[in-house]
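Secondary and tertiary structure notes
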Amino acid sequence: MLIDTIKAKWDKLLEEGLIHFYQEQNKEMIWNGKTMTFCMEYVPERAKRVGCYQASTHPLGDNIINREDCLYDFGELALLANNRPVEKYHSILCSKSFIPQNEFTKDEIMAVSKIVEETGIRSFFNMRGTAATLEHFHTQVLWNQFHIENLVKVSIDENIGYLPDYPVGNILFTGELSKRCDLLFEKLKLLSESKLPLTVKDDGNLSKTPLFTLLFWENNILLIPRKQETSSRMKAMVGGLELSGYFLITAPLARENPFKGVDEKYLIEIIREVAFEKEDINFLY
């Protein structure tokens, strides 16, 4: 019932022209690799999204739940429609009070993980420095499964494991909500205090501590420490969307073929360019 209510509101905003989504313009290519599936989609309308939020202390405004694009009030977090989505029902979960994107606490992450588990949505968290452009705590919300979900999982203990066939180093937290979030924040503390190289941001500057990306599905949180924000191959920032196996382009790679030159190996190289190898993050296991 809740999901139907949210989708109906999204559909209404699309009909009213507040959401700009033109499926007929988009093109998609899928590669079924040996271990996981990759997808690349050409979405030209997304090129117009830059500048959709004004840079300010409160970029989403002071009264988020009264915004016309607010889909649902989850208590501490609100669900807003993404006005230039990558797919149908693409939204963002954001804090109702202003919290800078990189100054989140365990409370915000627990709230996201709880909503994901209870509703069946998928979500990912990009930091400022790992592809987030909005300076207000938020995660991106999608409604289709991640391509990584069917990868083999190896357990280290009851609540911690990893995906051995994923292209780069990762840690998977699972189980009961408070337990998985407690363990995540223990590892984030280790990561912040580690000697792992600092993340290279899109502007060429280094982060103060190593940054990361988080992906949420069901009762799982996947942590991916980040080497850099931007891929020189893709010439764009790489975030949770791409790390989930779903690549997006807003300009065709060639006039006759939007995906010219792209294959599974190329996409894996992009992921490996922006994140650390498993051996680099062994200290976190």
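So, a few notes on the structure that sits alongside this text.

For the rest of this paragraph, the subject is unusual backbone geometry. Despite not being glycine, Tyr89 shows a phi value in the positive range, around 75 degrees. Topologically, Tyr89 is positioned in the loop between β4 (77–81) and β5 (91–95).

So, on to the pattern of salt bridges. When charged atoms on two side chains of opposite charge get close, those side chains can pair. Under the definition given, this model contains 14 salt bridges. One salt bridge in this structure joins Glu16 and Lys12, with 2.4 Å as the shortest N-O distance. Of this pair, Glu16 and Lys12 are both found in helix α1 (residues 2–16), four residues apart, which corresponds to roughly one turn of the helix. Between Glu117 and Arg180 there is a salt bridge whose closest N-O contact spans 2.8 Å. With Glu117 in helix α2 (residues 106–119) and Arg180 in helix α3 (residues 177–192), this residue pair connects regions lying 63 residues apart in the sequence. When its relative accessible area of 39% is taken as the criterion, Glu117 is described as partly exposed. Each of Arg122, Glu149 and Glu218 takes part in salt bridges that share partners, so that together they form one network.

With respect to the secondary-structure elements, Pro225 resides in strand β12 (residues 220–225). Along the backbone, Pro225 and Val274 are 49 residues apart, and their C-alpha atoms lie at a distance of 9.1 Å. Contacts of Pro225, omitting those with residues within four sequence positions, involve Gly169, Leu191, Leu196, Leu211, Phe212, Ala275, Phe276, Ile281 and Leu284.

All right, on to the pairing of strand β6 (residues 122–126) then. Across the five residues of β6, five count as buried, placing the element largely inside the fold. Every second residue of β6 is oriented toward a common face, with Arg122, Phe124 and Asn126 on one face and Ser123 and Phe125 on the other, all of them buried. Pairing between β6 and strand β7 (residues 138–142): three bridges, direction antiparallel. Bridge assignment links Arg122 to a residue of β7, and that residue is Leu142. Taken together, the five bridges between β6 and strand β11 (residues 212–217) define a ladder with antiparallel strand orientation. Bridge assignment links Arg122 to a residue of β11, and that residue is Trp217.

If you trace the ten strands from one edge of the open sheet to the other, you get β3-β4-β5-β7-β6-β11-β12-β10-β9-β8, paired in antiparallel fashion. Either end of the sheet is taken by a strand with one partner, and the two such strands are β3 (70–73) and β8 (154–155). Sheet topology note: the β3/β4 ladder contains three bridges and is antiparallel. Counterpart to Cys70 in the pairing with β4 is Leu80. On the sheet, α2 packs against β4, β5, β6, β7, β11 and β12 and is oriented at approximately 35 degrees with respect to β11. Running at roughly 5 degrees to β12, α3 makes contact with β9 (160–162), β10 (171–173), β11 and β12 of the sheet.

All right, on to the nonpolar core then. Phe212 and Leu214 are the most contacted members of the largest nonpolar core, which totals 43 residues. Contributions of two or more residues to this core are made by α1, β4, α2, β10, α3, β11 and β12. Among the elements that make up this core, the one with the highest residue count is α3 (six residues). Sequence-distant contacts of Phe212, defined by excluding residues within four places in its chain, comprise Phe104, Phe125, Met127, Thr130, Leu188, Leu191, Leu223, Ile224, Pro225 and Arg226.

Rules of the game
Residues numbered from 1 in each chain as written. Predicted model: local features only at pLDDT ≥ 70, side-chain atom pairs only at ≥ 80, totals over all residues. Heavy atoms only, no water. Helix = DSSP H or I, 4+ residues; strand = E, 2+ residues; numbered from the N terminus. Salt bridge = Lys/Arg side-chain N within 4 Å of Asp/Glu carboxyl O. Buried < 20%, exposed > 50% of the residue type's maximum accessible area, 1.4 Å probe, protein only. Contact = heavy atoms within 4.5 Å. Pairing = 2+ DSSP bridges. Axes fitted to C-alpha atoms, helices over the stretch in contact; angles between N-to-C directions. Core = buried A, V, L, I, M, F, W, Y, C linked by side-chain atoms within 4.5 Å.

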